[in-house]
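The chain contents come next:
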Amino acid sequence: MATFLYRLGRGAFRRRGLVALVWVALLFAAGFGAATASAPTSGSFSIPGTEAQKAFDVLDKKFPGMAADGATARIVVKAPAGASVNDPKYKTEVEKIVSGLKDGPGKAEVASVTDPYQAQAVSQDGSTAYVSVKYTVSGMELKDETRDALKDSGTAAQGAGLTVEIGGDALMTAPETGSGEIVGIAIAAIVLVITFGSLIAAGLPLLTALIGVGIGVSSITALANVLDLGSTTSTLAMMIGLAVGIDYALFIVSRYRVELAEGRERDEAAGRAAGTAGSAVVFAGLTVVIALVGLAVVNIPMLTKMGFAAAGTVVIAVLVALTLVPAILGFAGKKVLPAGKKSKLFGKGKPAGAEPKANGGTRWARFVLRRPIMVLLVAVIGLGVIAIPASKLEMGLPDDGAQPVSTTQRKAYDLLSEGFGPGFNGPLMVVVDGDKKLADETEARIKGLEGVAAVTPPTPNEAGDASVITVIPKDRPSSVETENLVHTIRDGSGDDVLVTGATAMNIDFSQKMNDALLPYLALVVGLAFLLLMLVFRSVLVPLKAALGFLLSVVAALGAVVAVFQWGWLGSVFGVEQTGPIMSMMPIFMVGVVFGLAMDYEVFLVTRMREAYVHGERPGQAVVTGFQYSARVVVAAAVIMIAVFSGFIGASEQMIKMIGFGLAIAVLFDAFIVRMTIVPAVLALLGHKAWWLPGWLDRLLPNVDVEGESLRKHLEGSDGSPEAEGPDKDRELVNA
């Protein structure tokens, strides 16, 4: 593979004009497709194999139109203190809201509007009423005219003294990331400038990453409606694609500069950079792709599509790093080098072969080697303490109750809870697939259950062979009591009585994610062990890497629980409302963090193995690995943390939570696990760290991430063997 990538990189360098033209053409084509495509929808949501989904399937068959995906809205009206919405002057204002929605702007997209006085949608004390609106299209597809008519529907009523708030998904819009994303990119640019000492070299990874992300996100937008992709899919793809795109280009450019420092011609340096660092990029990208595609094992279409879309963006980032980066290096010339021969890259002017001054990575590695047990205990115990909140993890899907308290959706949610009870925001829909007798028996049984606030009479379909019963719980939708009520109804019913609705769907979704977590974790960790065994020709190094990965993920989940569920430092991260952690968060973090963790493991430990194979003692090999890789790995980690942190400023709670979770996970994995626990464990293991049974060594294929086969190939082709190993490396700079 290294030889193929060497030829690919050198060919891209030499034919840089053509390569750049192809990528620019792809960017314009994807951009044109995105610009001409219709706006993405919220994406359909289904959970195959669950009771809630089976109930929706029955509704589709026997109640056509009832389970449609059209947007809904609730306009909640509250009378002033001491007054009632039944008072004639207030009743007139509420009826104006109903007629305005039926006959006003946007009426073409309105499927139905329910008058609260006819539908018994007035609270017992008369203080609160609500108008239900059903639309023919999803919230993301509503025209601005329709959405504005909904927002303005209560303006006159407010002028008359009523409090009017709007809930439901009709006001749903595409999530906004805010200025944090720009700040993250700006921090990445600063880190690159400090790392490379050259504006051209710093700008190159940013430019190529933005081109790759532009192609990926534009392609997702163009295909959103065709593939039924959710509105958050492109945001997640951008988050991951931007982070890995910058990192992969960083590794290629860094190796290219080292090759130039050794005196090689520019095209040869580009080829060798692609053949060596490019091999590690391919492996790292492959791990991320497999982890994301592996989300399909959960068997939830929405999550599968998110994983495939993000994986596609990662593939583009790898291809950009292997082709476009060498091409742009050809245009940049020697401007990618820092100014002056006394730069850090050239050893600050020291003669070749001189022992370079120990850098930060070297000093840190030596410190860890002197006190490996103490460092290991402090790191493991520290992460263990941070992971403690993960034991109290509560999962669910966000509803309007998780919205910031300043939003109209949250205010409407609270008004309904006050006027009709906490469970009114999460009604259960019981679908009876049978005759009237079965429906009446089911109604009577549910009325006698603890935790039920109200039960509506069965509503039969036209054929009379199915009915729908609405159950209002006493407690809020995300409470344990409501979850227990759902299970109680199901346990006491046969296969012809099914419970569904948004609350039941959330419960089933969380359960399915829980059930899939361990199998998916086993798949990911098993894959990590196998791939790292191929790369490092070792048994204990992959085991250490997999255990370290698990430690960083659990610690990151602990931090997420502390901030988003418990509210610790919530104001710092813009968390206005605490609540259950999004159900897909643990399994999504496992998939993404696994791939990112392997990036640092490969780039850091590969150099250690190379030094060990060339004759260095185990401890010295660890120092050598840090000497030449720590600076780039730290820069890559800081960039990735900055990019992910930029999404913490998003308006969507899900995006905010994922941005924080991934940023903190990279922080833990890169700086505590890879930079601290890894050298401590390798120091304690010594020669045993690199042990591999002979039979297994012969059985495993040699993936050659270090590029040894390439070096031998090049030596054989020009007849001029090159000095190898750490002695030659010491002629280079330690930045």
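Sequence positions are assigned chain by chain, starting from 1 and proceeding in written order. Whole-chain, interface and lining totals are the exception, using all residues; otherwise, since this is a predicted model, local features are given only for residues with pLDDT of at least 70 and side-chain atom pairs are given and counted only at 80 or more. The basis for every side-chain value is the complete set of non-hydrogen atoms in the structure, without hydrogens or water.

Novice: Kindly report on the overall build of the chain, identifying the contributing residues and their values.
Specialist: In terms of helices and strands, the chain carries 24 helices and 11 strands. Partitioning the intrachain contacts of the chain with sequence separation of at least 6 by distance along the chain shows that 79% fall at a separation of at least 24. Counting from the N terminus, the helices are the DSSP runs of H or I reaching at least four residues and the strands are the DSSP runs of E reaching at least two. Any two residues whose heavy atoms approach within 4.5 Å at even a single point are treated as in contact.

Novice: Talk me through the environment of glutamate 450; I want residue IDs and the actual numbers.
Specialist: Along the chain, the position of glutamate 450 falls in the loop between α15 (436-447) and β7 (452-455). For the pair glutamate 450 and threonine 488, spaced 38 residues apart in sequence, the C-alpha to C-alpha distance is 9.4 Å.

Novice: Describe unusual backbone geometry, with residues and values.
Specialist: With a phi close to 55 degrees, glutamine 120 is a non-glycine residue in the positive phi region. One can find glutamine 120 in the loop between β2 (110-114) and β3 (128-135). The residue leucine 569 is not glycine, and still its phi comes out positive at about 55 degrees. As for its position among the elements, leucine 569 is in the loop between α18 (540-565) and β11 (581-582). Take leucine 569: its relative accessible area is 57%, and that puts it in the exposed class. Working definition: with a 1.4 Å probe on protein chains only, accessible area under 20% of the residue-type maximum means buried, over 50% means exposed, and in between means partly exposed.

Novice: For the sheet that holds β3, give the residues involved together with the corresponding values.
Specialist: With respect to topology, 4 strands assemble into an open sheet ordered β2-β3-β1-β4, the strand pairing being antiparallel. On the outer flanks of this sheet lie β2 and β4 (163-167), each paired with one strand and no other. Shown here is a sheet whose adjacent strand axes are inclined to one another by a mean of 15 degrees, direction ignored. Note: two strands are recorded as paired if DSSP finds a minimum of 2 bridges between them. Relative to β4, strand β1 (residues 72-78) runs antiparallel, the two sharing 5 bridges. Along β4, the bridge assignment pairs valine 77 with valine 164. Helix axes are fitted to C-alpha atoms over the stretch in contact, other axes to C-alpha atoms as well, and angles between N-to-C directions run from 0 to 180 degrees.

Novice: Describe the packing of helix α17 (residues 502-536) against helix α19 (residues 585-613), with residues and values.
Specialist: α19 packs onto α17 with a crossing angle of 15 degrees between their chain directions and a minimal axis gap of 10 Å. With respect to their mutual orientation, α17 and α19 come out roughly parallel. The crossing of α17 and α19 is right-handed. The residues of α19 that touch α17, namely those facing Met513, Ala516, Leu517, Tyr520, Leu521, Val524, Leu527, Ala528, Leu532, Val535 and Phe536, are Pro586, Ile587, Val590, Gly591, Phe594, Met598, Glu601, Val602, Val605, Thr606 and Arg609. Any angle that falls under 35 degrees is termed roughly parallel, while one over 145 is termed roughly antiparallel, one within 65 to 115 roughly perpendicular, and all others oblique. Take the far helix as the reference: if the near one is turned anticlockwise from it by less than a right angle, the crossing is left-handed, and if turned clockwise, right-handed.

Novice: For a nonpolar patch on the surface, give the residues involved together with the corresponding values.
Specialist: Residues form patches when they are more than 30% accessible in relative terms and have no salt bridge. Like charges link within 9 Å. Nonpolar side chains (Val, Leu, Ile, Met, Phe, Trp, Tyr) link within 5 Å. We get accessible surface area from the Shrake-Rupley algorithm with a probe of 1.4 Å; when it comes to residues, only the shown protein chains can shield them. The term salt bridge refers to a pairing of a side-chain nitrogen on Lys or Arg with a carboxyl oxygen on Asp or Glu at a separation within 4 Å. Together, Ile373, Leu377, Ile381, Val385, Ile388 and Leu684 line one region of the surface with nonpolar side chains, adding up to about 580 Å² of accessible area. The dominant element in the nonpolar patch, judged by the number of residues it contributes, is helix α13 (residues 372-387), at 4 residues. You can see isoleucine 373 is positioned in helix α13.

Novice: Got a sec to walk through the side chain of threonine 676? Specific residues and values, please.
Specialist: Its location among the elements puts threonine 676 in helix α21 (residues 653-685). Classification of threonine 676 as buried rests on a relative accessible area of 11%. Once residues within four sequence positions are removed from consideration, threonine 676 is found in contact with Trp364, Val368, Val375, Ala379 and Phe671.

Novice: Talk me through the pattern of salt bridges; I want residue IDs and the actual numbers.
Specialist: Inspection of every chain in the model, using the stated rule, returns 18 salt bridges. We note a salt bridge from arginine 264 to glutamate 259, for which the minimum N-O separation is 2.5 Å. Judged on exposure class, the residue arginine 264 and its partner glutamate 259 are both buried. In this structure, arginine 490 engages aspartate 508 in a salt bridge whose closest nitrogen and oxygen atoms are separated by 2.8 Å. Taken as a pair, arginine 490 in helix α16 (residues 480-491) and aspartate 508 in helix α17 lie far apart in primary sequence, 18 residues in all. Judged by relative accessible area, arginine 490 falls into the buried class, the value being 12%.

Novice: Could you give an account of the packing of α18 against α21, naming the residues involved and the relevant values?
Specialist: Two elements in contact, α18 and α21, have axes whose closest approach is 7 Å; the angle formed by their N-to-C orientations is 145 degrees. As for how α18 packs across α21, the hand of that crossing is right-handed. When residues are sorted by character, Ala, Val, Leu, Ile, Met, Phe, Trp, Tyr, Cys and Pro go into the nonpolar class, Asp, Glu, Lys and Arg into the charged class, and all the rest, Gly among them, into the polar class. Within the contact of α18 with α21, the residues separate by chemical class into 22 nonpolar, 4 polar and 4 charged.

Novice: Break down the environment of glycine 159 for me, citing the residues and quoting the values.
Specialist: In this structure, glycine 159 sits in helix α6 (residues 155-159). Its relative accessible area of 68% is what places glycine 159 among the exposed residues. For glycine 159 and glutamate 93, which are 66 residues apart along the polypeptide, the C-alpha to C-alpha distance reads 9.8 Å.

Novice: I'd like a description of the confidence of the model for the chain, backed by residues and values.
Specialist: Residue-level confidence of the predictor is what pLDDT reports, using numbers from 0 through 100. Across the chain, the average pLDDT comes to 83, with 89% of residues at or above 70. Of all helices and strands in the chain, the one with the weakest mean pLDDT is helix α24 (residues 726-729) (37), whereas α13 scores best (95). With pLDDT under 50 throughout, residues 339-354 is counted as low confidence; its partners more than four residues away or in other chains account for 28 contacts.

Novice: Could you give an account of helix α1 (residues 2-14), with specific residues and numbers?
Specialist: What a helix is expected to span follows from its residue count: subtract one and scale by 1.5 Å. Compared with the 18 Å implied by 1.5 Å per residue over 13 residues, the 18 Å span of α1 between its first and last C-alpha is a close match. Of the residues making up α1, those classed as buried are Ala2, Thr3, Leu5, Tyr6, Gly9, Gly11, Ala12 and Phe13.

Novice: Residue-level account of the side chain of arginine 674, with values.
Specialist: Position of arginine 674 relative to the elements: it lies in helix α21. Judged by its relative accessible area of 0%, arginine 674 is buried. Under the rule applied, a polar contact is a pair of N or O atoms within 3.5 Å (in protein, one hydrogen donor and one hydrogen acceptor; residues adjacent in sequence only if both atoms are side-chain atoms). Only 3.4 Å separates the side chain of arginine 674 from the backbone oxygen of alanine 545, close enough to count as a polar contact. Within polar-contact distance, the side chain of arginine 674 engages the side chain of glutamate 601 at 2.6 Å. Setting aside chain neighbours within four positions, we find arginine 674 in contact with Ala545, Gly548, Phe549, Ala597, Met598, Tyr600, Glu601, Leu604, Phe626, Asp669 and Pro679.

Novice: An account of the packing of aromatic side chains is needed here, citing residue identities and associated values.
Specialist: Pairing of aromatic side chains requires ring centres within 6.5 Å, counting the rings of Phe and Tyr and the six-membered ring of Trp. Pairs whose planes differ by under 30 degrees are stacked, by over 60 edge-to-face, and all others tilted. Counting across every chain of the model gives 9 aromatic pairs. Put simply, the rings of Tyr130, Phe420 and Phe424 touch in pairs and so form one group of aromatic residues.

Novice: Could you give me a rundown of the environment of glycine 619, with the residues and numbers involved?
Specialist: One can find glycine 619 in helix α20 (residues 618-646). Counting along the chain gives 60 residues from glycine 619 to proline 679, while the straight-line C-alpha distance between them is 8.7 Å.

Novice: How would you sum up helix α2 (residues 16-36)? Please name residues and give values.
Specialist: With 21 residues, α2 ought to run about 30 Å at 1.5 Å a step, and its terminal C-alpha atoms sit 30 Å apart, in line with that. Three or more residues of α2 are buried, namely Val19, Ala20, Trp23, Ala30 and Ala34. Each buried residue of α2 lies within a common arc of 100 degrees when the element is viewed along its axis, so the set occupies one face. What points out from α2, more than 90 degrees from its buried face, is the exposed set Leu18, Leu21, Phe28, Phe32, Ala35 and Thr36. In this context, the arc is that of the directions from the helix axis out to the C-beta atoms.

Novice: Break down the pairing of β1 for me, citing the residues and quoting the values.
Specialist: Here 7 bridges tie β1 to β3, and the two strands are oriented antiparallel to one another. Within β3, the position partnered with alanine 73 by the bridge is valine 133.

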